[in-house]
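# Secondary and tertiary structure notes
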Number of protein chains: 2
Amino acid sequence: MRNGVSFDNLNPAAFLERSALVYPGKPAVIHGERIYSYAEFRERVCRLAGALRGLGVGRGDRVAILSPNTPAMLEAKFGPLRIGAVLVPLNTRLGSREIAYILNHSGAKALLFDTESADTVRGLTADCPGVETYVRIADGAPDAADIAGPEYESLLPAADPVEEPVELDERETIAINYTSGTTGFPKGVVFHARGAYLNALGEAMETGMNAETVYLWTLPLFHCNGWCFPWGVTAVGGTHVCLRKIDPAEIYRLIEIRGVTHLCCAPTVLTALYSSPAAQGRRLDGLTIATAGAPPAPHVIRTIEGMGAKVHHLYGLTETYGPHTICAEQPGWSGLAAAERGRIKSRQGVPYGIAHTGLRVVDSDMAEVPWDGETLGEVVMRGNNVMTGYYNDPQATAKAFAGGWFHSGDLAVRHPDGYIELRDRAKDIIISGGENISSQEVEKVIMDHPDVLEVSVVGVPDEKWGEVPKAFVVPVPGAGLSAAQVIAFTRERMAHFKCPWHVAFGELPKTATGKIQKFVLREREWAGREKRIQG
Amino acid sequence: MRNGVSFDNLNPAAFLERSALVYPGKPAVIHGERIYSYAEFRERVCRLAGALRGLGVGRGDRVAILSPNTPAMLEAKFGPLRIGAVLVPLNTRLGSREIAYILNHSGAKALLFDTESADTVRGLTADCPGVETYVRIADGAPDAADIAGPEYESLLPAADPVEEPVELDERETIAINYTSGTTGFPKGVVFHARGAYLNALGEAMETGMNAETVYLWTLPLFHCNGWCFPWGVTAVGGTHVCLRKIDPAEIYRLIEIRGVTHLCCAPTVLTALYSSPAAQGRRLDGLTIATAGAPPAPHVIRTIEGMGAKVHHLYGLTETYGPHTICAEQPGWSGLAAAERGRIKSRQGVPYGIAHTGLRVVDSDMAEVPWDGETLGEVVMRGNNVMTGYYNDPQATAKAFAGGWFHSGDLAVRHPDGYIELRDRAKDIIISGGENISSQEVEKVIMDHPDVLEVSVVGVPDEKWGEVPKAFVVPVPGAGLSAAQVIAFTRERMAHFKCPWHVAFGELPKTATGKIQKFVLREREWAGREKRIQG
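All chains use their own residue numbering, which begins from 1 and follows the written sequence. Following the order in which they are written, the chains are lettered starting with A and the ligands numbered starting with 1. Per-residue local features are limited, in this predicted model, to residues with pLDDT of at least 70; the limit for side-chain atom pairs, both in listing and counting, is 80 or more; totals at the level of whole chains, interfaces and linings are taken over all residues.

Counting secondary structure elements, chain A contains 18 helices and 24 strands. Computation of the radius of gyration draws on C-alpha atoms alone. For the globule rule, the value is 2.2 Å times the number of residues to the power 0.38. The C-alpha atoms of chain A give 23 Å as radius of gyration, which agrees with the globular expectation for 535 residues (24 Å, within 12%). When its C-alpha atoms are laid out on the principal axes, chain A stretches across 70 × 50 × 50 Å. Remark: C-beta atoms are placed from the backbone, and a residue is labelled buried if 20 or more other C-beta atoms sit within 10 Å of its own, exposed if 12 or fewer do, or partly exposed between those counts. With 535 residues in all, chain A has 57% of them scored as buried. By the convention adopted here, residues are in contact when the distance between their C-beta atoms, placed from the backbone, does not exceed 7 Å. At a minimum sequence separation of 6, the contacts of chain A that also span at least 24 residues come to 69%. To qualify as a helix, a DSSP run of H or I must reach at least 4 residues; to qualify as a strand, a run of E must reach at least 2; elements of each kind are numbered from the N terminus.

Given below as structure tokens:
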């Protein structure tokens, strides 16, 4: 439908136009000592759009980017959009082979890459004949001029700025985000303009952002398009503060010197924050934190809230443009004891206020499970923030949309108050002697031990029970924690059949977004055997 | 388009469903000693929908309501919507003849009315054959059982609740709001679900509402559907506090005992608030006020801000679902002196953050006027919050949409920073012997004369006083009204210096949108002289 007197296609490109009009002189993007005002940010975006056009990128063409959280990465959320091109953000931890797969599958015509990833790019150019142009972004790492193509910062001044964003139908594709692909090949989640626009507003409303917001980029911008916050922060005229990598000391420094009001991250980043030596004597008063990506342990929430921050616990998937639910605070909760408050806030909650009305927990016949806080079912979603489908993968799309709902693959219970609480990924449920054990439930208990920094629990083979829980523990540095202590601690607090039979200590494998990779732990334990998969 | 896995029609009905799910026990509506929780509010809405259905009201049928700000009036914003019926809110100050016209023009099948307006209704029943049912709302005034039909509160318990809102296409009509129509016939502004949904979110975002919001209904709910705040407050799970009439003492009392955080009103209500004896020793700290409806004098803004409230100055029209612009605060403004701050905040500002990108100030060739703060032009708008058109009036719609933009009929300048400032109404202030006279105040008094159909008051030259008020009166046809009678009528009712010195009879010059063109009257009177402009 065309824009007219009474109709505007929803498009996040409009947010930048508006903020550049209203706040031209206000800091839009801060990166180290560099500060771009909204007028400058828009100017750079217009030039990026023009540069891409000059490189032969047109409407509907795919443009990939491989970069940490830099100004170029923020500009990429608006530049291709301006000419109707489709952004393909790439996970910076992937190897050449995986990235080559995504570039080829998405049919990317151009790849913008931070020179930090030069080696990865060198390893794939031969395999990606469709990529016509490589653009180097020499932001923090040395340049890599051996990879033929223009350099980002020299490209912009030479470009013809695109002053008017092209008009898109609001259901037109603006981005394809590939899932991490723990099994088989990564799948490309299709975002459209309407979903990105509405989810960005949802983020702004739920986390209380406004023109005074200073947002620190602790969340990777490639991940679900930074959960749509690039558009949400820009919509309210807030300030983006860039961050190339997670470093607690640097995060505390930026919070202080830049007056950061908001940030998002996975719970593991929160653990890193409070357990870092840099946390000594630090407070987080006035800071609003949205955490998602994995269920936060109650201990994590109460520790961070104890430092003064306000924590919003969100839940969603790449397939839902990021967050779909929020553990909305009830009037009485502020008076709860910290432990109870942490416990109750670790639930995933209820749909966002910007009506993502489609949230259910269902059994295998798509019937809603009882709201009893006990019956497990699968979380399914519908609505304006559910992807259009997987790119060029009608089979996977049909499977994910079976029964007219998007199947998250997450198992949850629904409490009598309507709040959902994840129990596990379907594949993470441990079935021991016929009983279901939620690995997350066991993890939450172990996290309450004062000497435990992080933990992951998976099912491991057992002759008698089929499988039994095993805990992989990262102890607080210097703590002398034994396996027997961990087991005893859990046996005092939960049914014995749920308690770990084995405990191992050491590092945990993680994704780029800080998620613990349970499948890596599981694969090691199950090598050569067949694990029974539920769900 | 039908709802599906990846698409939900935007519909404010979803806001109530969500808040009733998330905050069932929280106060949704407070009216005197009555408090309805969100579960109860929803239940009443479901029953209202069922009652209307029982009365033969179906999808697309029009349901009118004539009521002050009561629970029934709030319920009316959601009940008809639930069955796809179209709400027609009526201005409680209109007479029987005007309301009969609107009921007939809109083809209303039912009229819900507060018994306070029983006399008005008695005067129209014979003229409105299409109205099949009259529903009395005996809220504050005595019942009026002589008007045949059910009583609202007895209707609800007997009704079959409508548990599921019907699915509407998001561009389907949900309300028709008749403009005040000081001349000729009122025109019906068509609201659709998408516009109401987005504007409600705009209100919530711009005024910083959230689940802790307690919103006092100082703004008439009939006026632009209470600027979409019924849906906005409900979207965030805030609390509505009802108010049958403007009474400063009662407003202060409710602010205090109910912990009011937000309210909206016209500038005249603010003047009443601070100039009331009840204002003695009162503070408004923590209160957010959105004011619109007429340009607030800088004095009003600085006085109210001086009492501690935060003031948002908004501007729009019924045709834009209420506010279209906000005088967005710039980083440096908080440090300005009160007088300068009041002056700068009295500008109408910039488009809302929820991209109402279509705002221009244009000359008669639709070319944007220079951003010089001096060149007058007409404010024109486009976007998702512009009405679909005037109900059953293609000619008026075509005229209002000439050149592909909605013509507001308001004259403004655009400052170098992009902020618009209305001039037309600022010019209406009459400065006589150093005293400010509000032309609207004089007009309101004259309009109370039974023989006056229309009036416009402007300042005309006077040797001694600089200028004095002159009234241009359109008498009721057939009435033998003299200038002396008009002057005498005003002198009995207001300070003598405000009363017109001259009265002329005849037609009034008007814009395409029906607004009186005071500047034409003024130019005739001031031809060859220079008028001092204030503001």
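On to the environment of A:Leu411, then. Tracing the backbone shows A:Leu411 in strand S18 (residues 406-414). Distance in space between the C-alpha atoms of A:Leu411 and A:Lys427 is 9.2 Å, their sequence separation being 16 residues.

Our focus in this paragraph is the interface of chain A and chain B. At the interface, 39 residues of chain A touch 39 residues of chain B. Elements represented by at least two residues in the side of chain A that touches chain B include exactly helix H1 (13-22), helix H8 (193-206), helix H10 (229-236) and strand S15 (350-351) of chain A. Looking at which element gives the most residues to the side of chain A that touches chain B, the answer is H1(A), with six residues. Partitioning the side of chain A that touches chain B into residue classes produces 23 nonpolar, eleven polar and five charged. When residue character is reported, Ala, Val, Leu, Ile, Met, Phe, Trp, Tyr, Cys and Pro are called nonpolar, Asp, Glu, Lys and Arg charged, and the others, Gly included, polar.

Moving on: the domain arrangement of chain A. Domain ranges listed in this record stem from an automatic or a database domain assignment. If you check the domain split of chain A, you get domain 1 (13-197) and domain 2 (429-526). Of note, the centres of domain 1 of chain A and domain 2 of chain A, computed from C-alpha atoms alone, are 40 Å apart.

Turning our attention to helix H12 (residues 267-275) of chain B. Residue and element names in this part refer to chain B. Those residues of H12 that fall on the buried side of the exposure criterion are Pro267, Leu270 and Leu273. Projected down its long axis, H12 carries its buried residues within an arc of 110 degrees, all on one side. Buried residues belonging to H12 abut helix H11 (248-258), strand S11 (262-265), strand S12 (288-291) and helix H13 (298-306). Working note: the arc is built from the helix axis to C-beta atom directions.

Here we come to the sheet that holds strand S22 (residues 452-462) of chain B. Residues and elements named next belong to chain B. Two strands are counted as paired when DSSP detects at least two bridges linking them. As summarised here, the arrangement of the three strands in space is S22-S23-S24, forming an open sheet in which the pairing is mixed. In this open sheet, the two edge strands, each paired with only one partner strand, are S22 and strand S24 (502-505). Pairwise comparison of adjacent strand axes, ignoring direction, gives a mean angle of 25 degrees for this sheet. Alignment of S22 against strand S23 (residues 466-475), held across ten bridges, turns out to be antiparallel. Residue Val457 lies in a different strand from S23, and its bridge partner there is Ala471. To define axes, lines are fitted to C-alpha atoms, for helices over the stretch in contact only, and angles between the resulting N-to-C directions are given on a 0 to 180 degree scale. Of the strands in this sheet, S22 and S23 are in contact with helix H16 (residues 439-447), which crosses S22 at around 140 degrees. Relative to S22, helix H18 (residues 518-526) is tilted by about 40 degrees, and along the sheet it contacts S22 and S23.

Further remarks concern the pairing of strand S8 (residues 188-192) of chain B. Residues and elements named next belong to chain B. The buried fraction of S8 amounts to five of the five residues, a majority that puts the element mostly inside the structure. Of the two faces of S8, the one lined by Gly188, Val190 and His192 and the one lined by Val189 and Phe191 are each fully buried. Strand direction decides the pairing type here: strand S7 (residues 173-178) and S8, joined by five bridges, are antiparallel. Bridging from a neighbouring strand, Ile176 pairs with Val190 of S8.

A positive phi is found at A:Cys228, a non-glycine position, where the angle reads about 75 degrees. Accessibility expressed as a C-beta count within 10 Å gives 27 for A:Cys228, which makes it buried. Here the phi dihedral of B:Cys224 falls at roughly 50 degrees; this positive angle occurs in a residue that is not glycine. Relative to the assigned elements, B:Cys224 resides in helix H9 (residues 224-227). Accessibility expressed as a C-beta count within 10 Å gives 27 for B:Cys224, which makes it buried.

Right, let's talk about the environment of B:Arg18 for a bit. Residue and element names in this part refer to chain B. Relative to the helices and strands, Arg18 resides in helix H1 (residues 13-22). Under the C-beta neighbour-count criterion, Arg18 is labelled buried, with 25 such atoms within 10 Å. Each C-alpha atom, one on Arg18 and one on Val236, is 9.2 Å from the other, the two residues being 218 residues apart in sequence.

The next subject is the nonpolar core. Nonpolar cores are identified as sets of buried Ala, Val, Leu, Ile, Met, Phe, Trp, Tyr and Cys residues joined via C-beta atoms within 7 Å. Core analysis: the largest hydrophobic core is formed by 307 residues, its most contacted members being A:Val63, A:Leu112 and B:Val63. Membership of the second largest hydrophobic core comes to 16 residues, among which are B:Ile437, B:Val468, B:Val473 and B:Val503.

All names here are of chain A. Of all five residues in strand S3 (residues 62-66), five are buried; the element is thus mostly enclosed. The side-chain alternation of S3 yields two buried faces, one formed by Arg62, Ala64 and Leu66 and the other by Val63 and Ile65. In the sheet, S3 pairs with strand S4 (residues 86-89) via four bridges, with the strands oriented parallel. Within the sheet, the bridge partner assigned to Ala64 lies in S4 and is Val88.

What follows concerns the packing of H12(B) against H13(B). Residue and element names in this part refer to chain B. Direction vectors running N to C along H12 and H13 enclose 50 degrees, while the axes themselves pass 10 Å from each other. Relative to H13, the element H12 lies oblique. The way H12 lies across H13 gives a crossing that is left-handed. Residue-level inspection shows Pro267, Leu270, Thr271 and Tyr274 of H12 in contact with H13, the latter providing Val300, Thr303 and Ile304. Tallied by class, the residues present in the contact of H12 with H13 amount to five nonpolar, two polar and no charged. With respect to orientation, any angle under 35 degrees is reported as roughly parallel, any angle over 145 as roughly antiparallel, any angle of 65 to 115 as roughly perpendicular, and every other angle as oblique. Helix crossings get a hand from a simple test, with the near helix turned counterclockwise from the far one by less than a right angle marking a left-handed crossing and a clockwise turn marking a right-handed one.

Residues and elements named next belong to chain A. Closest axis-to-axis distance for the H8/H10 pair is 8 Å, and the angle between their directions is 65 degrees. Taken as axis vectors, H8 and H10 run roughly perpendicular relative to one another. As for the relative orientation of H8 and H10, their crossing is right-handed in sense. Of the residues in H10, those touching H8 at Ala196, Ala200, Leu201, Glu203 and Ala204 are Phe229, Trp231, Gly232, Ala235 and Val236.

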